[in-house]
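Next come the chains, spelled out residue by residue.
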Amino acid sequence: MERLTSRPWGGQKADLYDRIGRTYATTRRPDLRIAGAIWAALGDAHTVLNVGAGAGNYEPPDRTLTALEPSEVMIAQRPPRAAPVVLGRAEELPFDNDAFDAVMAVLSDHHWTDRDRGLRELSRVARRRVVLFNANPGEADLFWLTTEYLPEFLELIPSRYQTPGAWEQELQTVLGDIVITPVPVPHDCTDGFYGAYWRRPEAYLDPTVRAGISVFAQLSSRAVDRAIDALRADLETGRWHERHRELLRTDELHLGYYVITAEPTSQTGGRT
Ligand SMILES: C[S@@+](CC[C@H](N)C(=O)[O-])C[C@H]1O[C@@H](n2cnc3c(N)ncnc32)[C@H](O)[C@@H]1O
């Protein structure tokens, strides 16, 4: 697999998903329990903009939705009846101030080239609410895959997030007061993101599963191969099951994923 030099949480290359997104819809299907948490956060918003909309996952069916996405490869995977999509980037939203009741961005903001600018844009075009779903990079060490097999992932995370509360503070600085709600990952999560298979470790051995997870594309093939070989060996010998027996009796796990809700005011965002 081709390796990329760009990094998440700023400085990401804008065409990342044109390069890694070709099989996204194969393993990334919206999980209805996570969808429920996102949709509840949208409240009674009628018009909604989905930024970094990808193939259309988590778009609520009962609102008037507009999608925005920079990758043609991802847009091509939107179902025929998905909401209308505008080609564009979070950092420069082609919409007026207060154009939508709510703006949502799911598993996207860590990919933006300029995250603060993107968040200010979300705040500017949202009349009532901004809703994000994403993982706190400061909690990346909650996941056994990272700590035991792929510690190189921690090196991708900017050091500022090692300070407890730094990620939340960064969001608050741009969005104003936020409500932050943990969203545990169900053991049978249908959206194959990085943490989705915490109770199904064999899944990470599958190259198709890994192709739907950007973390693997951003690490060296040497680090990924070594991690997968070690995991395969531990699954064969039963060592993984010995170490993680308690996980097999757990139905959902906190891995640092959250819904973040903000209510923009004229003091937040980039309104002029
Ligand atoms: C992990 S995917 C999530 C897609 C979708 N929201 C979902 O939940 O399935 C990340 C998405 O963010 C998009 N993205 C990357 N950079 C972006 C930017 N600067 N502005 C908006 N979206 C961006 C990618 O093209 C990709 O579709």
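Here is what the cut-offs are and how they apply
- Residues numbered from 1 in each chain as written.
- Predicted model: local features only at pLDDT ≥ 70, side-chain atom pairs only at ≥ 80, totals over all residues.
- Helix = DSSP H or I, 4+ residues; strand = E, 2+ residues; numbered from the N terminus.
- Buried ≥ 20, exposed ≤ 12 C-beta atoms within 10 Å, placed from the backbone.
- Contact = placed C-beta atoms within 7 Å.
- pLDDT = per-residue confidence, 0-100.
- Pairing = 2+ DSSP bridges.
- Axes fitted to C-alpha atoms, helices over the stretch in contact; angles between N-to-C directions.
- Core = buried A, V, L, I, M, F, W, Y, C linked by C-beta atoms within 7 Å.
- Near = placed C-beta within 6 Å.
- Nonpolar A, V, L, I, M, F, W, Y, C, P; charged D, E, K, R; others polar.
- Arc of directions from axis to C-beta.
- Right-handed = clockwise from strand over helix to strand, strands pointing away.

J.: I keep staring at the overall build of the chain and nothing clicks. Help me out?
T.: The helix and strand tally for the chain stands at twelve helices and nine strands. The C-alpha extent of the chain, read off along each of the three principal axes, is 60 × 40 × 35 Å. When burial is assessed residue by residue, the chain has 41% of its 272 residues classed as buried. Contacts in the chain between residues at least 24 apart in sequence constitute 70% of all its contacts with a sequence separation of at least 6.

J.: Please explain unusual backbone geometry as it appears in this structure.
T.: Most peptide bonds adopt trans geometry, and most residues besides glycine take a negative phi value. Unusually for a residue other than glycine, Asp98 sits at a positive phi of about 55 degrees. Residue Leu107 is not a glycine yet carries a positive backbone phi of 50 degrees. Along the chain, Leu107 turns up in the loop between strand 4 (100-106) and helix 5 (115-125).

J.: Would you take a moment to explain the confidence of the model for the chain for this structure?
T.: Low pLDDT marks stretches whose predicted atomic positions should not be read closely. For the chain, the average pLDDT comes to 94, and 94% of its residues sit at 70 or higher. Taken as a whole, residues 1-5 scores under 50 in pLDDT and shows nine contacts with residues more than four places along the chain or in a different chain.

J.: So what exactly am I meant to see when it comes to the sheet that holds strand 6 (residues 178-182) here?
T.: Across a sheet, paired strands are connected by hydrogen bonds in the backbone, their directions being either parallel or antiparallel. In spatial order, the strands read 3-2-1-4-5-9-6; together these seven strands make up an open sheet with mixed pairing. Both edges of this open sheet fall to strand 3 (85-87) and strand 6, since each of them pairs with a single strand only. Each neighbouring strand pair of the sheet contributes to a mean axis angle of 20 degrees, computed without reference to strand direction. Here five bridges tie strand 1 (residues 47-51) to strand 2 (residues 64-69), and the two strands are oriented parallel to one another. Looking at the pairing, Val48 lines up with Leu65 of strand 2. The sheet contacts of helix 5 involve strand 1, strand 4 and strand 5 (126-135), and relative to strand 5 the element is tilted by about 145 degrees.

J.: Help me understand the nonpolar core, please; the structure alone is not making it clear to me.
T.: Across soluble globular proteins, you tend to see nonpolar side chains buried next to one another. Within the largest apolar cluster, 71 residues are counted, with the highest numbers of intra-cluster contacts made by Ile38, Leu42, Ala102, Val103, Met104, Leu122 and Val131. The contacts of Val131, once residues within four sequence positions are left out, are Ile38, Ala41, Leu42, Ala102, Met104, Val259 and Thr261.

J.: What's the story with the site of the ligand in this structure? I'm lost.
T.: Taken together, 22 residues are adjacent to the ligand, and Tyr17, Gly52, Gly54, Asn57 and Ala90 come closest. Residue composition of the shell around the ligand, grouped by class: eleven nonpolar, seven polar and four charged.

J.: I tried to follow helix 8 (residues 166-175) on my own but got confused; where do I start?
T.: Two residues of an α-helix separated by three or four positions point the same way, owing to the 3.6 residues in each turn. Buried residues of helix 8: Trp167, Leu171, Val174 and Leu175, and no others. Buried residues of helix 8 fall within an arc of 85 degrees about the axis and therefore sit on the same side. The outward face of helix 8, more than 90 degrees from its buried face, is lined by the exposed residues Gln169 and Thr173. Close packing links the buried residues of helix 8 with helix 5, strand 5, strand 6 and strand 9 (257-262). Phi for Gly176, located one or two positions after helix 8, is positive at around 80 degrees.

J.: Is there a simple way to explain the environment of Ala76 in this structure?
T.: Structurally, the position occupied by Ala76 is in the loop between helix 4 (72-75) and strand 3. The exposure class of Ala76 is exposed, given the 11 C-beta atoms found within 10 Å. Spatially, the C-alpha atoms of Ala76 and Gly54 are 9.1 Å apart, while their sequence positions differ by 22 residues.

J.: Can you help me understand the environment of Pro186 in this one?
T.: Looking at the secondary structure, you find Pro186 in strand 7 (residues 185-186). Once the C-alpha coordinates of Pro186 and Arg200 are considered, the two residues, 14 residues apart in sequence, prove to be 11 Å apart.

J.: Can you walk me through the environment of Arg160 in this structure?
T.: Inspection of the secondary structure puts Arg160 in the loop between helix 7 (152-156) and helix 8. With 65 residues separating them in the primary sequence, Arg160 and Phe95 have C-alpha atoms 32 Å apart.

J.: So what exactly am I meant to see when it comes to the pairing of strand 5 here?
T.: Across a regular strand the side chains alternate sides, sitting on one face of the sheet and then on the other. Within strand 5, eight of the ten residues are buried, leaving the element largely enclosed by the surrounding structure. Strand direction decides the pairing type here: strand 4 and strand 5, joined by six bridges, are parallel. Bridged to Phe100 within strand 5 is Ala126. Between strand 4 and its parallel partner strand 5, the chain crosses via helix 5, and the hand of that crossover is right-handed. Both strand 5 and strand 9 contribute to a ladder of six bridges, which runs antiparallel. Within the sheet, the bridge partner assigned to Phe133 lies in strand 9 and is Val259.

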